Amino acid sequence: MYTDYIESPLGLVEFKASDKGITQLIFCGTQSIKTANNPITDLCKQQLIEYFSGKRKQFDVPLDPKGTDFQKLVWKHLSHIPFGKTLSYLDIAKLVNRPKGSQAVGGANGRNPISIIVPCHRVVGSNGALTGYAGGIERKLWLLAHEGIAIKHSKEVDALDLNNVINTRQAKTQFLKYERVHKKAITTTESYALIFL
């Protein structure tokens, strides 16, 4: 496994790769480990720098996410949401032929191991509400604004402060750590159950 980092306007970003592609990209707060790069992490780093500087709207770095078949199907559809656009959980549920599966889509969206590149930040509620984001709703708001997406103003949105999350590790990393440690012990049924926790 290869690991590298970049400093971003949203804090330190950690990305990991196999020999096939990027396996994880998270906001890691201030936690970091020794880097070990490969051509895939080098390409990822360059593309992230271009994205944050406003020079890149689409990523073409190879990906190698780990997840259930359903999660991978949802992540594939997330990857097709263009820069500057949003879809709702219901929109994604319809795309994966589960029109009543908005909550299942939300669970898969929340387990996306490759933030930014697989743009789960571009998924909003049916009413345009920000809903949640494992990296912190403040980061989601910044990413959407960076892409030129207007968000309805509200007291809650106006009260968000990026400084509240910039040094924090995103919430979903606890699941990723659990999954790696317990992967061999998790059956298919249990892994589907974990999606909905």
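For the structure given in this document, a descriptive report is provided here. (Residues numbered from 1 in each chain as written. Predicted model: local features only at pLDDT ≥ 70, side-chain atom pairs only at ≥ 80, totals over all residues. Heavy atoms only, no water.)

Some remarks on the pattern of salt bridges
For the structure on display, the rule yields four salt bridges. Across the pair Arg56 and Glu50 runs a salt bridge whose closest N-O atoms are separated by 2.8 Å. When its relative accessible area of 18% is taken as the criterion, Arg56 is described as buried. For Glu50, a relative accessible area of 21% translates into the label partly exposed. (Salt bridge = Lys/Arg side-chain N within 4 Å of Asp/Glu carboxyl O. Buried < 20%, exposed > 50% of the residue type's maximum accessible area, 1.4 Å probe, protein only.)

Re helix α2 (residues 69–79)
Along α2, the residues classified as buried are Phe70, Gln71, Val74, Trp75, His77 and Leu78. Projected down its long axis, α2 shows its buried positions confined to an angular sector of 160 degrees, all on one face. The outward face of α2, more than 90 degrees from its buried face, is lined by the exposed residues Asp69 and Lys76. (Helix = DSSP H or I, 4+ residues; strand = E, 2+ residues; numbered from the N terminus. Arc of directions from axis to C-beta.)

A few points about the pairing of strand β1 (residues 2–8)
Counting buried positions along β1 gives five out of seven residues, so the element sits mostly inside the fold. Bridging between β1 and strand β2 (residues 11–17) involves seven bridges; their strand directions are antiparallel. Bridged to Tyr2 within β2 is Ala17. The turn joining β1 and β2, which pair antiparallel and follow one another in sequence, is formed by two residues. (Pairing = 2+ DSSP bridges.)

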